[in-house]
Amino acid sequence: MLADAFAAERLRFFKARGTVFWSLGFVPLVSILIGLIQGLLMRNLLGKAAAAGNPAAALGRAPVSLLNQAVEAVSGSNFFIVQLFFLIAASAILAGDYRWETWRFLTPRNTRANLLLGKIATFGLVTVIGLVLLALGGIVAGLLSAVLTGGGVVWQAAEGNTNAQLAGMFGIAFLEMMALGALAAVLAVATRAGLAALLVPVGVWIVQGFAVSQLQKGFENPLEPPLQYLLGFPVLQSDLLKAALSQPAMGVAPEISWPVALVGMIAWIAALTALAVWLFQRQDLTRE
């Protein structure tokens, strides 16, 4: 059953403490450390400004919005370095049995489709946990900054993000990371190599972003009729969803509604997952 495959993969992943740390814990810890350093630097600058009688010292102690910190941290999941650490988990989950040649022990216990879908579902759970930890890392960094600079702390600023925007940003980041994970599943099955599942998806996302930015040059509207075919790029779909969530004036073309981008992102995840399962069911695993 799929539930059994999911439970087994979940147990195996969380037993690998090193992989858990590097894929889930390292980036939030780095964000907290950066927040600590920024807070110390800001405290030093504010102290010098106050000693000089500069009124900017009071402005620097404005309340910190923890909600804004969380949204900013989650939205940063599209940065390729952050994606790389998430894909450490994907590589370990999806390609680990090729490396250790343990597939021949697993395939008699369940169907191939269930085994692979259980791995992808496990990466989905890891993604949720990782995004939550990113948000918590941003919140802790904000608290440290407030404590060090003597500023106040609020959950939601008057003109800042809302709870709905945080939930929406979380969902968009989850979908984009799952698209990366589904591509990693295809590569892990096709190449039987964890390194391909780790590096190639990030490279594909970087190339997409570069191609979109180059093709959109010279157009005021990023999705004018000649460029609408770019909507098939998952990177652009994610950017459109984020723009529609935050400010409609940030570049969402009026002729393209956000549901189109949402359906496109889900379609990519479904298509890549189906391709991975199709390849896996036809793969010779007698030596794996």
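Preceding block: the structure.
Residues numbered from 1 in each chain as written. Predicted model: local features only at pLDDT ≥ 70, side-chain atom pairs only at ≥ 80, totals over all residues. Heavy atoms only, no water.

Caption draft 1: The arrangement of the overall build of the chain in detail. Each helix and strand in the chain was counted, giving eleven helices and two strands. Reading the secondary structure of the chain in the N-to-C direction produces α-α-α-β-α-α-α-α-β-α-α-α-α. Of all 288 residues assigned to the chain, the portion counted as buried reaches 42%. A total accessible area of about 14,400 Å² is found for the chain, and carbon and sulfur atoms account for 69% of it. (Helix = DSSP H or I, 4+ residues; strand = E, 2+ residues; numbered from the N terminus. Buried < 20%, exposed > 50% of the residue type's maximum accessible area, 1.4 Å probe, protein only. Areas by Shrake-Rupley, 256 points an atom, 1.4 Å probe, with all protein chains shown as cover.)

Caption draft 2: Here's a closer look at the nonpolar core. Judged by nonpolar contacts, the single largest core of 59 residues is most densely connected at L87, L94, W103, L116 and F280. If you tally residues by element for this core, the top one is helix α8 (residues 163-191), at 16 residues. In terms of nonpolar packing, the next biggest core, distinct from the first, is built from seven residues, V212, L231, L236 and A261 among them. (Core = buried A, V, L, I, M, F, W, Y, C linked by side-chain atoms within 4.5 Å.)

Caption draft 3: Region of the structure containing the environment of V27. Summarising the element assignment, V27 is placed in helix α2 (residues 17-51). Here V27 falls in the buried class, since its relative accessible area comes to 17%. Along the sequence, V27 and I81 sit 54 residues apart, while their C-alpha atoms lie 9.1 Å from each other. Contact partners of V27, with chain neighbours within four places excluded, come to V82, F85 and L134. (Contact = heavy atoms within 4.5 Å.)

Caption draft 4: Fine view of unusual backbone geometry. Of note in the backbone geometry, E101 takes a positive phi value of approximately 55 degrees without being a glycine. Take E101: it is sitting in the loop between α5 (80-100) and α6 (103-106). Among the residues examined, E101 registers a relative accessible area of 41% and is labelled partly exposed.

Caption draft 5: View of the packing of helix α4 (residues 66-75) against helix α7 (residues 112-149). Look at α4 against α7: their axes get within 8 Å of each other, and the N-to-C directions meet at 135 degrees. Relative to α7, the element α4 is oriented oblique. Where α4 crosses over α7, the two elements pack in a sense that is right-handed. Note on element contacts: α7 touches α4 through L131, L134, A135, G138, I139, A141, G142 and L143, opposite L66, Q69, A70, A73 and V74. (Axes fitted to C-alpha atoms, helices over the stretch in contact; angles between N-to-C directions. Parallel < 35°, antiparallel > 145°, perpendicular 65-115°, else oblique. Left-handed = near helix turned anticlockwise from the far one by under 90°.)

Caption draft 6: Just the pattern of salt bridges, in detail. This structure, assessed with the given rule, holds four salt bridges. For E9, the salt bridge identified is with K119, shortest N-O distance 3.1 Å. In this pair, E9 is assigned in helix α1 (residues 2-15) and K119 in helix α7, connecting sequence segments 110 residues apart. Here the salt bridges share partners, and the residues they tie into one network are E9, R12, D97 and K119. (Salt bridge = Lys/Arg side-chain N within 4 Å of Asp/Glu carboxyl O.)

Caption draft 7: Quick look at helix α9 (residues 194-215). Its 22 residues give α9 an end-to-end C-alpha distance of 32 Å, which sits within 8% of 32 Å, the value for a rise of 1.5 Å per residue. Within α9, the full set of buried residues consists of A196, A197, L198, P201, V202, W205, Q208 and V212. Buried-residue contacts for α9 involve α5, α8 and α10 (234-246). (Expected span 1.5 Å × (residues − 1).)

Caption draft 8: Fine view of a nonpolar patch on the surface. Together, L33, L36, I37, L40 and L41 make up a nonpolar patch on the protein surface, roughly 440 Å² of accessible area in all. Judged by relative accessible area, L40 falls into the partly exposed class, the value being 44%. (Patch = residues over 30% accessible without salt bridge, like charges linked within 9 Å, V, L, I, M, F, W, Y side chains within 5 Å.)

Caption draft 9: Summary view of the packing of aromatic side chains. Going through the model one piece at a time under the given rule, you end up with eight aromatic pairs. Between the aromatic rings of F21 and W22, the centroid separation amounts to 5.1 Å while the plane-to-plane angle is 75 degrees, which identifies the pairing as edge-to-face. On the basis of relative accessibility, which here comes to 41%, the residue W22 falls in the partly exposed class. An angle of 70 degrees between the planes, with centres 5.9 Å apart, marks the rings of Y98 and W103 as edge-to-face. In this structure, Y98 and W103 share a single accessibility class: buried. Three or more aromatic residues joined by ring pairs form one cluster here, namely F21, W22, F26 and F85. The ring of F280 is capped by R112, whose NZ or CZ atom sits 5.6 Å from the centre of that ring. (Phe/Tyr/Trp six-rings, centres within 6.5 Å; stacked < 30°, edge-to-face > 60°. Lys NZ or Arg CZ within 6 Å of the ring centre and 35° of its normal.)

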